[in-house]
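Listed here are the chains, written in short residue letters.
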Amino acid sequence: MSQDLFQAPDYYQLDDLLSEEHLLVRDAAREWVKRAVSPIIEQAAQEAKFPTSIISGLAEIGAFGPYIPEEYGGAGLDQISYGLIMQEIERGDSGVRSTASVQSSLVMYPIWKYGNEAQKQKYLPKLASGEFLGCFGLTEPNHGSNPGGMETKIKDMGDHYLLNGAKMWISNAPFADIAVVWAKNEEGRIKGLIVERGMEGFTTPETHNKWSLRASATGELIFDNVKIPKENILPNKDGLGAPLGCLDSARYGIAWGAIGAAMDCYDTALRYSKERIQFDKPIAGTQLQQKKLAEMITEITKAQLLTWRLGVLKNEGRATSAQISMAKRNNVDMALTIARDARQVLGAMGITGEYSIMRHMMNLESVVTYEGTHDIHLLITGFDITGIQAFK
Ligand SMILES: Cc1cc2nc3c(=O)[nH]c(=O)nc-3n(C[C@H](O)[C@H](O)[C@H](O)COP(=O)(O)OP(=O)(O)OC[C@H]3O[C@@H](n4cnc5c(N)ncnc54)[C@H](O)[C@@H]3O)c2cc1C
């Protein structure tokens, strides 16, 4: 990839809405992405390899558990700082942000919120430092948008549980040290449990040949009579609301992250359009390209405002799941549209790894699907405003 010349757009001077701490955290993450992610990410994506070299850096910028209290190794930051870190990481690559999101919101969050003190002490500091990487097993071969139908089961054997079933499309699965897994007990109640690599009967085959999120490893979780010690059950919440609570936190981070990907595509297209001469003038001087660029910055600015407000509500404990759905859906769709338009601005150069746009575009095809698809989030908004469920 050519040199990272990224300059973040701030058309409405939204930095004025951020505190000194927000700016410090954001700028540290921005600088780290330029230094540690940009130089290696294109090759990692081309080779479909998760770049393990970035794990310690992710921990250092507070990307593993940004809002987890410091007593458990987290960064103890607020929700806006968390969002800004995700924005900067996804400016680099959605796959890297996925690793940070899974670790923070889908592994550390449930242990922090639903776990007991011993579980928090045992796992959270190691996850925060990057010594342990985790994954989150909710989706199954037959249950994606409808996780409540899950077939993975635990059976009470007296001194332990026996876990059977399979999870699919699991980020970080191939190398995760622990998995937070959702399974039904004999009464059909969904429980969260911590499965550790090395437990007999637990395997994590990798999913190959993805065209999207190539720098993030994806795999299956297979459970064949895995003995789960009783102390590995998350005791403090069960039912579908438990995994959905984790998804709220991750979806919130994705809403911010998508802005990062969009900013990178816009900034690249703007710079390229001013330098690329056709018909004796920069293509930036044509009305058609200006339309694309003007619409990009308008949509980015709207998404920044929506997401900042959501962050304020989240800090106050007032953000609803439906509000988070709206931001995730809007911002990922916005980023995908901008990536597609930006790629066109670059003409043939847009399909190469010289520029980040095509990688963002392909990555966003996963982001628009995982953590609730574009359509499912629309149904969540529809349900929220009408009170009528349209899922079935
Ligand atoms: C790269 C990647 C990483 C992932 N990482 C994880 C992870 O770490 N952990 C995890 O648990 N999962 C993960 N997922 C899974 C992801 O969350 C699911 O793919 C997603 O929830 C959609 O499920 P599905 O693919 O089975 O699609 P389906 O549920 O089969 O949906 C297919 C289509 O039907 C539509 N649809 C479904 N129901 C309705 C309805 N009622 N009305 C109208 N339309 C409907 C959907 O919107 C979609 O367009 C990942 C997926 C990808 C691609």
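None of these values were measured; they are calculated from a predicted model.

Visitor: I'm lost on the environment of Leu193 in this one. Help?
Guide: Summarising the element assignment, Leu193 is placed in strand E5 (residues 190-196). Under the relative-accessibility criterion, Leu193 is labelled buried at 0%. Once the C-alpha coordinates of Leu193 and Pro235 are considered, the two residues, 42 residues apart in sequence, prove to be 8.9 Å apart.

Visitor: How should I be thinking about the state of the cysteines in this particular structure?
Guide: Working definition: the covalent bond between the sulfur atoms of two cysteines is a disulfide. If you walk through the whole model with that rule in mind, you get 0 disulfides. With no disulfide partner, Cys135 has as its closest neighbouring cysteine sulfur the one in Cys246, 13 Å distant. Exposure remark for Cys246: the relative accessible area of 0% places this residue in the buried category.

Visitor: Explain the packing of aromatic side chains to me, please; I cannot follow it from the model alone.
Guide: Ring pairs (aromatic) are described by centroid distance and by the angle formed between their planes. Across all of its chains, the model carries 13 aromatic pairs by this definition. Through a chain of ring-to-ring contacts, three or more aromatic side chains come together here, namely Tyr67, Tyr82, Tyr109, Trp112, Tyr114, Phe136, Trp182, Tyr252 and Trp256. Sitting above the plane of the Tyr161 ring, Lys230 keeps its charged end 5.0 Å from the centroid. Sitting over the face of the ring of Tyr252, Lys314 holds its NZ or CZ atom 5.2 Å from the ring centroid.

Visitor: How should I be thinking about helix H8 (residues 321-345) in this particular structure?
Guide: For an α-helix, the turn length of 3.6 residues means that residues three or four places apart are oriented alike. An ideal rise of 1.5 Å per residue puts 36 Å on 25 residues; H8 measures up with 36 Å between its terminal C-alpha atoms. Where H8 ends, the next residue or the one after it, Gly347, has phi of about 55°, a positive value.

Visitor: What am I meant to see in the site of the ligand here?
Guide: Residues in contact with the ligand amount to 18 residues; listed here are only the nearest, Thr139, Ser145, Trp169, Thr373 and Phe391. Interatomic distance of 2.7 Å between a side-chain N/O atom of Thr139 and a nitrogen atom of the ligand. Here a nitrogen atom of the ligand and a side-chain polar atom of Ser171 are 2.9 Å apart. Relative to its free-state accessible area of 980 Å², the ligand is covered by the protein chains to the extent of 67%.

Visitor: Any chance you could explain unusual backbone geometry here in plain terms?
Guide: Glycine aside, the phi torsion of most residues is negative, and most peptide linkages are trans. Phi angles above zero are rare outside glycine, and Trp169 is one such case at about 65°. The backbone phi angle of Asn172 is positive, close to 70°, even though this residue is not glycine. Of note, Asn172 is situated in the loop between strand E3 (160-171) and strand E4 (178-184). Assessed through its relative accessible area of 0%, Asn172 is described here as buried.

Visitor: What should I look at first to understand the packing of helix H3 (residues 79-92) against helix H4 (residues 94-114) in this one?
Guide: Two quantities define a packed helix pair, namely the angle between the axes and the distance from one axis to the other. The N-to-C vectors of H3 and H4 enclose an angle of 150°; their axes lie 7 Å apart at closest approach. Comparing their axes, H4 and H3 come out roughly antiparallel. Contacts between H3 and H4 pair Tyr82, Met86, Ile89 and Glu90 from the former with Ser94, Val96, Arg97, Ala100, Ser101 and Ser105 from the latter. Taken together, the residues of the contact of H3 with H4 sort by class into 5 nonpolar, 3 polar and 2 charged.

Visitor: Is there a simple way to explain the pairing of E4 in this structure?
Guide: Regular strands place their side chains on alternate faces of the sheet. For E4, the tally of buried residues reaches 7 of 7 residues, placing the bulk of the element in the interior. A two-sided burial pattern is seen for E4, the buried positions comprising Ile178, Val180, Trp182 and Lys184 on one face and Ala179, Val181 and Ala183 on the other. Between E4 and the antiparallel strand that follows it, E5, lie 5 residues; Gly188 among them carries a positive phi value of about 85°.

Visitor: Can you help me understand helix H9 (residues 357-367) in this one?
Guide: Every buried residue of H9 is listed here: Ile357, Arg359, His360, Met361, Asn363, Leu364 and Val367. In this fold, the buried residues of H9 make contact with helix H1 (20-46), H3, H4, helix H6 (241-275) and H8.

The rules behind each value
- In this convention, every chain numbers its residues from 1, walking through the sequence in written order.
- Selection of residues for local features in this predicted model requires a pLDDT of at least 70, selection of side-chain atom pairs for listing and counting requires 80 or more, and totals for whole chains, interfaces and linings are taken over all residues.
- Excluding hydrogens and water, the side-chain values take into account all heavy atoms of the structure.
- Secondary structure elements are defined from DSSP: runs of H or I of at least 4 residues count as helices, runs of E of at least 2 residues count as strands, and each element is numbered from the N terminus.
- For every residue, the accessible area (1.4 Å probe, protein chains only) is compared with the maximum for its type, and the residue is labelled buried under 20%, exposed over 50%, or partly exposed between those bounds.
- Pairs of cysteine sulfur atoms within 2.5 Å are identified as disulfides in what follows.
- Pairing of aromatic side chains here covers Phe, Tyr and the six-membered ring of Trp, requires ring centres within 6.5 Å, and sorts the geometry by plane angle: under 30 degrees stacked, over 60 edge-to-face, intermediate tilted.
- Look at NZ for Lys and CZ for Arg. If either is within 6 Å of the ring centre and within 35 degrees of the ring normal, a charge sits over the ring.
- Given the number of residues in a helix, its expected span is that number minus one, multiplied by 1.5 Å.
- Nearness is judged by heavy atoms alone; a residue qualifies as near a molecule or strand once a single heavy atom is within 4 Å of it.
- Polar contact is defined as a pair of N or O atoms within 3.5 Å, subject to the rule that within protein one atom must be able to donate a hydrogen and the other to accept it, and that residues adjacent in sequence are counted only when both atoms are side-chain atoms.
- Here, Shrake-Rupley sampling with a 1.4 Å probe gives the accessible areas, and only protein chains in the shown set may cover a residue.
- Here an axis means a line fitted to C-alpha atoms, over the contact stretch when the element is a helix, while the angle between two N-to-C directions is reported on a 0 to 180 degree scale.
- Small angles under 35 degrees read as roughly parallel and large ones over 145 as roughly antiparallel, with 65 to 115 read as roughly perpendicular and the rest as oblique.
- Two residues form a contact once any of their heavy atoms are found within 4.5 Å.
- Three residue categories are used. Nonpolar comprises Ala, Val, Leu, Ile, Met, Phe, Trp, Tyr, Cys and Pro, charged comprises Asp, Glu, Lys and Arg, and polar comprises the others, including Gly.
- In this scheme, strands are said to pair when DSSP sees at least two bridges between them.

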